[in-house]
Structure formats: C-alpha cells, structure tokens
Amino acid sequence: MKEFSVSNEDRAQVLIQALPYIQKFMGKTIVVKYGGNAMINEDLKSAVIQDVVLMACVGIRTVLVHGGGPEIEYMLRKIGKESRFVNGLRYTDEETMEIVQMVLAGKVNKDIVSLIQQAGGQALGLCGLDGGLLQARRLVSFEGDLGLVGDISTVKTAVLEDVLERGYIPVISTVAQGIDDAAGHALNINADTAAARIAADLGAEKLILMTDVRGILKDVKDPDSLLQEIQRSELDSLIKEGIVSKGMIPKVDCCRLALDAGVRKAHIIDGRIPHALLLELFTDEGIGTQVVNEGGTSHE
C-alpha cells in the first residue's frame, strides 16, 4: 500500500479552515445522536470517540445520545426471544424492557464512557432514570400496541446543565421514567427522537443525527444526488414527492421537532465515514444534509 503523507503546510491549512468554526461553536451546545454502523465497526467507533473528545476540548458543550439496537438484538436472540417492530419501533414487553435497560443503560453506555476517557476526554454516563432526566408517557400508536415504549414529556435539563458546566460529556442512554402509573415503569425511547427532544429543551445550536446513509438524497439510487442544504419549509413537499420516504421520514420528523423548538440547524450525516462529525462541523463543504429554518443559509 502506498504510504500517504501530509505536509506540515497542509496540516496548518486544515487547522486554519477549522478555526472560524471552532470560534463560532465554542461555548455552544451540540447534541449528537450516535448509532448505526459507527457503533459496531471498531475503526469507526474510535473515530467518533476522537471527534467527540476534540469537540469538547475546543469548548463545544457536547451531548452524546446513543442507541444500541444490534446489541439489544444480540441479547434477545441469546434468550431465544424474537423481536417485533410496529411502524419501525421495537415492541417492548416487560422481558424485552429488562434487556433494553441492561444493555443500553449498562454495557453500551459504560463502554462509550470508558472509550471517551481512554481518549483523554471526561464523560459521565446517564440514562433517563438518573435524576429523573427523562420522563415519559406510553406512546400510543394507531399501528398497534407498542408495549413499554415511551414519548418524552419532560427533560430535566438542569441535570445536563450541571454535568456540562463541570466539564463532562453527558453520554445518555434512552431509557425513561414512566409517569403513567404509580409503579413508574421504565420506558424504551427511540434514540433519534430523544436526541431531538433533548436538543430542543437545551436550546442547542445543532442536532446531528448519525445514520447509515449519506443524508437526504434526491434520488435514492444515486449516492451523488445528496441534498446538502434544505429549508425547514421544504420538508413536507419532499415527503409528498417521495424523495423522503421509509426510514428517513422519522429522522426528518426529528429535525422538524428540533428546528421548531428553536434549534438553529439539524444535520443528517453518514456515520460510516471516518470522522464524519469533524467533517460536517469544521469544513466549508460538510458531508451530509443540513436542515435550516428560513433565513438560515450557508454551511456553518
């Protein structure tokens, strides 16, 4: 393999291009939803962790919200339990909820915290049960019963503000405290939706959703048809025209939720690309799709 080298001048140019973005986002809150292939592939996982640590080191108040679908699936198979999905959401009975809580709030969350700290960052693992961080009611779906799946009603932002002010990266697993009954059953929350709601309630500068696709494509069969920037007002027509369809619709809905609550920009990026977060945040071109409210322009 041919050795690839970068001159000191090239390194300096990279830093100079990143400087205005670093200055712009210093002290701002950015919520990242971490999931998909970037949680499975070891090289990609390492790149994401490095990105998050760098973001925190340059003064960005970084909040990491993670999923864990493959790990949950693996554990369910180990106990011989078959998964069932209703309109893209995992049906969660009590036995499944125990697995979800064990995997998300336990192994996955603490593994991420450990990796951040090994990379020189400071992280604190949280789930929605900690300090009443996420409170939710059971989600009612016209598609069928979802079991112990929740819709967030309250985010206790004071918990996150305290963690951020102390210089830690909050790493959040999306198990919430149920408020439908006296027992307060834990509820399973979709990680994309949770990230959007957390970004909204924190008044974040940006919401970034890491996915396994390049972003919103004008033609799903053409990876070069990426829509790099779209206005919030265009989303309905993109869905009506079928440009946004299937699994992309819930992600677009999360962008809408965040933008309508005052988040400045929402981004859908390809987590399969190494250092996708840095490329989206600190380069002029970016790599994914950014959705902006009317009046928001240019990649920033």
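If you're wondering where the values come from, they're calculated on a predicted model, not measured in any experiment.

## Remarks on the sheet that holds strand 9 (residues 175-178)
If you trace the four strands from one edge of the open sheet to the other, you get 7-6-9-10, paired in mixed fashion. Each of the sheet's edge strands pairs with one partner strand only, and the pair in question is strand 7 (150-155) and strand 10 (186-188). Averaged over all pairs of adjacent strands, the angle between their axes in this sheet comes to 50°, without regard to strand direction. One ladder, built from two bridges, connects strand 6 (residues 134-138) with strand 9; its direction is parallel. Within strand 9, the residue paired with Gln135 across the bridge is Gln177. Along the sheet, helix 6 (residues 191-202) contacts strand 6 and strand 7; its crossing angle with strand 7, the most-contacted strand, is approximately 15°.

## Overview of unusual backbone geometry
Across residues other than glycine, the phi torsion is negative in most instances, and most of the peptide bonds are trans. In this structure, Lys246 takes a positive phi of about 50° despite not being glycine. Mapped onto the fold, Lys246 is located in the loop between helix 7 (235-240) and helix 8 (248-260). You can call Lys246 exposed: its relative accessible area is 75%.

## Quick look at helix 2 (residues 42-57)
Compared with the 22 Å implied by 1.5 Å per residue over 16 residues, the 22 Å span of helix 2 between its first and last C-alpha is a close match. For helix 2, the full list of buried residues reads Leu44, Lys45, Ala47, Val48, Ile49, Asp51, Val52, Val53 and Met55. Lining the buried residues of helix 2 we find strand 1 (29-34), strand 2 (61-66), helix 4 (94-118), strand 8 (169-173), strand 11 (206-211) and helix 9 (276-282). Its side-chain oxygen at 2.9 Å from the backbone nitrogen of Asp43, Asn41 defines the N-terminal cap of helix 2. Positioned one or two residues after helix 2, Gly59 has a phi angle of 95°, which is positive.

## Quick notes on the packing of helix 3 (residues 69-78) against helix 4
In the contact formed by helix 3 and helix 4, the axes pass within 10 Å of each other and the chain directions differ by 130°. The angle between the axes of helix 3 and helix 4 places the two elements in the oblique class. Read as a crossing pair, helix 3 and helix 4 show a hand that is right-handed. Contact residues: helix 3 offers Glu71, Ile72, Met75 and Leu76, while helix 4 offers Thr96, Ile99, Val100, Met102, Val103, Leu104 and Val108.

Conventions used here
- Residues numbered from 1 in each chain as written.
- Predicted model: local features only at pLDDT ≥ 70, side-chain atom pairs only at ≥ 80, totals over all residues.
- Heavy atoms only, no water.
- Pairing = 2+ DSSP bridges.
- Helix = DSSP H or I, 4+ residues; strand = E, 2+ residues; numbered from the N terminus.
- Axes fitted to C-alpha atoms, helices over the stretch in contact; angles between N-to-C directions.
- Contact = heavy atoms within 4.5 Å.
- Buried < 20%, exposed > 50% of the residue type's maximum accessible area, 1.4 Å probe, protein only.
- Expected span 1.5 Å × (residues − 1).
- Polar contact = N/O pair within 3.5 Å; in protein donor to acceptor, adjacent residues only side chain to side chain.
- Parallel < 35°, antiparallel > 145°, perpendicular 65-115°, else oblique.
- Left-handed = near helix turned anticlockwise from the far one by under 90°.

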